[in-house]
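Here is what each chain is made of, one letter per residue.
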Amino acid sequence: MSDQRFIIEMGMGNDLYGQDYTKAAARAIEDALRHSSLPLFEATGLSHDAMRVQVTVGVQDPDAVDCAALAEKLPRGQADVRAVKGGLNVTNPDNGNVIVIASAAVEAFLPFQG
């Protein structure tokens, strides 16, 4: 049986001073989640455990993201987080500080009911 996507939300997050890619990614995921409300589960009696959550985070250094730590923070469903090349690094020319900007897509899937 295949899954059917029923929601996708996008978010953006940053780390202004620490150059922490995981922190920026976590903020992007939190931003996406703040745009979502899923009354579907209460209305249908479905369990959140049936939901598969797929998160894709874009940052300039995907290897610097702790995807397992991010997946543990997701509040519902069976989560999978992956980091890909994307986002943006902005360097302050006066002091060399780098602002890390991450983007995130959070997708939720349920088993196909057709």
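Residues numbered from 1 in each chain as written. Predicted model: local features only at pLDDT ≥ 70, side-chain atom pairs only at ≥ 80, totals over all residues. Heavy atoms only, no water.

A. Seen up close, the side chain of Glu-107. Relative to the assigned elements, Glu-107 resides in strand S5 (residues 98–111). In this view, Glu-107 contacts Arg-5, Ile-7, Ile-8, Arg-52, Val-53 and Gln-54; residues no more than four positions away in its chain are not counted. (Helix = DSSP H or I, 4+ residues; strand = E, 2+ residues; numbered from the N terminus. Contact = heavy atoms within 4.5 Å.)

B. Focus on the environment of Glu-9. As for its position among the elements, Glu-9 is in strand S1 (residues 3–15). Glu-9 sits in the buried class, given a relative accessible area of 19%. If sequence neighbours within four positions are ignored, Glu-9 has contacts with Ala-32, His-35, Ser-36, Ala-104, Ala-105 and Val-106. (Buried < 20%, exposed > 50% of the residue type's maximum accessible area, 1.4 Å probe, protein only.)

C. Broad picture of the pattern of salt bridges. Within the structure shown, the criterion is met by two salt bridges. Between Asp-3 and Arg-52 there is a salt bridge, with its nearest N and O atoms 2.7 Å apart. Remark: Arg-52 occurs in strand S2 (residues 52–59) and Asp-3 occurs in strand S1; sequence separation between them is 49 residues. Since its relative accessible area comes to 29%, Arg-52 is described here as partly exposed. In this structure, the salt-bridge partner of Glu-107 is Arg-5, at a minimum N-O distance of 2.7 Å. Here Glu-107, found in strand S5, pairs with Arg-5, found in strand S1; they are 102 residues apart in sequence, far enough to count as distant. (Salt bridge = Lys/Arg side-chain N within 4 Å of Asp/Glu carboxyl O.)

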